Amino acid sequence: MEYYYCPKCLDKLERLSGCGSVGYICNSCKNLISRKQMLTLQEMDEEKRRRREEFGPDTRW
Ligand SMILES: [Zn+2]
């Protein structure tokens, strides 16, 4: 099973399924995340690294 991550806070998304469609929600942002927005594990890692370089290791998101 594959996991996806929130583009804002980089938290793991919860999978919602129903009515033949699948959606993902971030429990931290309380936002539905579209397929275009959500990050794969690899993209999330890259984004973390990018933010750490940009803002420093103590940054919280
Ligand atoms: Zn989020």
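Keep in mind the model is a prediction, meaning the values are calculated, not measured. Residue numbering note: each chain is counted from 1, following its sequence as written. Selection of residues for local features in this predicted model requires a pLDDT of at least 70, selection of side-chain atom pairs for listing and counting requires 80 or more, and totals for whole chains, interfaces and linings are taken over all residues.

Visitor: Kindly report on the sheet that holds strand β2 (residues 14–18), identifying the contributing residues and their values.
Guide: Strand order in the open sheet formed by three strands is β2-β3-β4, with antiparallel pairing between adjacent strands. Here the strands that pair on one side only, and so sit at the sheet edges, are β2 and β4 (31–33). Between one strand axis and the next, the sheet turns through 40 degrees on average, direction left out of account. Inspection of the sheet shows β2 paired to strand β3 (residues 21–26) by five bridges, in the antiparallel sense. Note that in β3 the partner of Ser-17 across the bridge is Val-22. Think of it this way: DSSP has to see at least two bridges between two strands before they count as a pair. Helix and strand labels come from DSSP, where a helix needs a run of H or I of at least four residues and a strand needs a run of E of at least two; each type is numbered from the N terminus. The angle between two axes is taken between their N-to-C directions and runs from 0 to 180 degrees, where each axis is a line fitted to C-alpha atoms and a helix contributes only its stretch in contact.

Visitor: Would you mind going over helix α1 (residues 41–55) in detail, with residue names and values included?
Guide: To estimate how far a helix should reach, multiply one less than its number of residues by 1.5 Å. The end-to-end C-alpha separation of α1 is 21 Å, in line with the 21 Å expected for 15 residues at 1.5 Å each. Residue burial is a threshold on neighbouring C-beta atoms within 10 Å of the residue's own C-beta, all placed from the backbone, with 20 or more meaning buried, 12 or fewer meaning exposed, and counts in between meaning partly exposed. Taking burial as the measure, the 15 residues of α1 include zero buried ones, a minor fraction of the element. Remark: Gly-56 follows α1 within two positions and exhibits a positive phi of approximately 95 degrees.

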